[in-house]
Amino acid sequence: MYAEKKEHPMAVEKKDIDWGSLGFAYRPTDYSYVCTYRDGAWEEGGLTTDHSLTLSECAGIFHYCQEVFEGLKAYTTKDGDIVCFRPDLNASRMADSARRIVMPPFPEDKFIEAVKMVVKANEAWVPPFGSGATLYIRPFMVATGEVIGVAPADEYQFRILVTPVGPYYSGGVKPVAVKVPEYDRAAPHGTGAIKAGLNYAMSLYPSVQAHAEGFADNMFLDPQTHTYVEESGGANFLFVDKEGTLVVPKSATDSILPSITRRSLVQVAEEMLGMRVVKRQVAFSEVESGAFVECGMCGTAAVISPVGKVVNGDEEIVFASGMEEVGPVMRKLRETLTGIQDGEIEGPEGWIQKVC
């Protein structure tokens, strides 16, 4: 079932790709990773050249949405090493997500081992340093066991696909506009804090609607009172107040995903940039009153998407940083974190894990 990866005695020759023109889209590579859970245990797992899944029409994923996933990247550093950024946090978060919807957590040490295995196997697909492109890594797990009554399945498949992607911003980082939707992303004390496909399905309709109206994304408010800022369809928000404090929205209803990028940016702000950071509930009325001079959405794909304005019905709120330039704090945070990921800036111990 598993493919044998041939080792190369010398540096692997990169694929003949115009790395600078890559978009953010799926392109099959040489290998994926696959591991099956059955009879109460995870099998050994390994590499495969088969990028398809064949499932029963009664597989649990199709009926009761048992699916969780992660997203991280592999980078080529300035020194030519191929590295991953904090895969241990992805392993931990995926295990938490799995437990929440009654799926067997994939062992965290095995997760890191599998990520490194599949990245090394696809070394030729890792974009070169300076290209702006990266190797996107998508671990995911689905219920493959047959189930017709409302219950967890008894078999699961864990896979990791990798694909080279271009920079999220092909034309450079620019401020975007977001809107406050009339819909909720998650229920209070529901599954908003885990990375499950069902949460993203919930946000698709308002996201498509926002895009059709010319907005980059939504600013979802808390599902219980609709008064506090929570997150966008796929990223966490950060704010900077007039005193230069980084303000991180906190959820009283446990419906904000614990972004690894956000956690990393907070640590960068506190320990490397000497900033004051406050984690608290952020009332939307504060945004309306002009309490914040900068705003950004943070996540794996873009690191930070600077937000220039928020539209709530007929109300338009423009941050002091505006729609023309990225604010100085968001710019510095983004430059520092991407510098750590690229190997140009030394980050905290353990953040960068060498693959080959």
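Residues numbered from 1 in each chain as written. Predicted model: local features only at pLDDT ≥ 70, side-chain atom pairs only at ≥ 80, totals over all residues. Heavy atoms only, no water.

**Concerning helix H4 (residues 197–212)**
Here H4 contains 16 residues, and its C-alpha end-to-end distance of 22 Å stays within 8% of the 22 Å for a straight helix at 1.5 Å per residue. In the structure, H4 departs most strongly from a straight axis at Leu204, where the bend amounts to approximately 40 degrees and where the proline Pro206 lies between one and four residues downstream. Immediately downstream of H4, the backbone of Gly214 shows phi near 90 degrees, a positive value. (Helix = DSSP H or I, 4+ residues; strand = E, 2+ residues; numbered from the N terminus. Expected span 1.5 Å × (residues − 1). Bend = angle between axes of the 7 residues up to and from the residue.)

**Overview of empty space enclosed by the protein**
Across all of its chains, the model carries two cavities of 30 Å³ or more by this definition. Here the largest cavity is characterised by a volume of approximately 110 Å³. Forming the boundary of the largest cavity are 13 residues, of which Phe85, Ile260, Thr261, Thr300 and Gln341 lie nearest the centre. Per-element accounting of the lining of the largest cavity gives the leading share, three residues, to strand S5 (residues 72–76). In the lining of the largest cavity, the residues fall into five nonpolar, six polar and two charged. In this model, the second largest cavity occupies a volume close to 50 Å³. Lining the second largest cavity are Arg185, Ala186, Phe220, Leu221, Pro223, Glu230, Glu231 and Ser255. (1 Å grid on protein atoms, 1.4 Å probe; cavity = no way out; pocket = protein on both sides within 12 Å on 5 of 7 lines; lining within 4 Å. Points joined across faces, edges and corners; volume = space filled by probe spheres on them. Nonpolar A, V, L, I, M, F, W, Y, C, P; charged D, E, K, R; others polar.)

**Some points on the pattern of salt bridges**
Side chains carrying opposite charge are able to pair once their charged atoms draw close together. Under the defined criterion, the tally for this structure stands at 11 salt bridges. Between Lys309 and Glu316 there is a salt bridge whose closest N-O contact spans 3.3 Å. Each of Arg38, Glu43 and Glu155 takes part in salt bridges that share partners, so that together they form one network. (Salt bridge = Lys/Arg side-chain N within 4 Å of Asp/Glu carboxyl O.)

**As for the packing of aromatic side chains**
For any two aromatic rings, the description comes down to two numbers: the centre-to-centre distance and the angle of the planes. In this structure the tally under the stated criterion is 13 aromatic pairs. Taken together, a centroid distance of 5.6 Å and an interplanar angle of 90 degrees make the contact between Phe85 and Trp351 edge-to-face. Placement of Phe85 in strand S6 (residues 82–85) and of Trp351 in the loop between helix H7 (328–342) and strand S17 (352–354) is noted, with a sequence separation of 266 residues between them. Ring centres of Phe111 and Phe158 lie 6.0 Å apart, and the angle between their planes is 55 degrees; on these two criteria the pair is classed as tilted. Here the residue Phe111 occupies a position in helix H3 (residues 108–121), and Phe158 occupies one in strand S8 (residues 156–165), the gap between them amounting to 47 residues. For the pair Phe111 and Phe158, one class covers both residues: buried. (Phe/Tyr/Trp six-rings, centres within 6.5 Å; stacked < 30°, edge-to-face > 60°. Buried < 20%, exposed > 50% of the residue type's maximum accessible area, 1.4 Å probe, protein only.)

**Digging into the layout of surface pockets**
By volume, the largest pocket is sized at about 1100 Å³. If you go around the largest pocket, you meet 43 residues; those closest to its centre are Phe24, Tyr168, Tyr200, Gly234 and Ala301. Among the elements of the structure, strand S4 (67–69), strand S7 (134–143), S8, H4, helix H5 (260–272), strand S14 (292–299) and strand S15 (303–312) are those that each provide at least two residues to the lining of the largest pocket. Looking at the lining of the largest pocket, the element that brings in the most residues is H4, giving seven residues. The residue makeup of the lining of the largest pocket, split by class, is 22 nonpolar, 15 polar and six charged. Taken together, 26 residues line the second largest pocket, and the ones lying closest to its centre are Gly132, Thr134, Arg334, Thr338 and Asp342. Mapped onto the lining of the second largest pocket, the elements with two or more residues apiece are S5 and H7. Tallied by class, residues from the lining of the second largest pocket come to 13 nonpolar, 10 polar and three charged.

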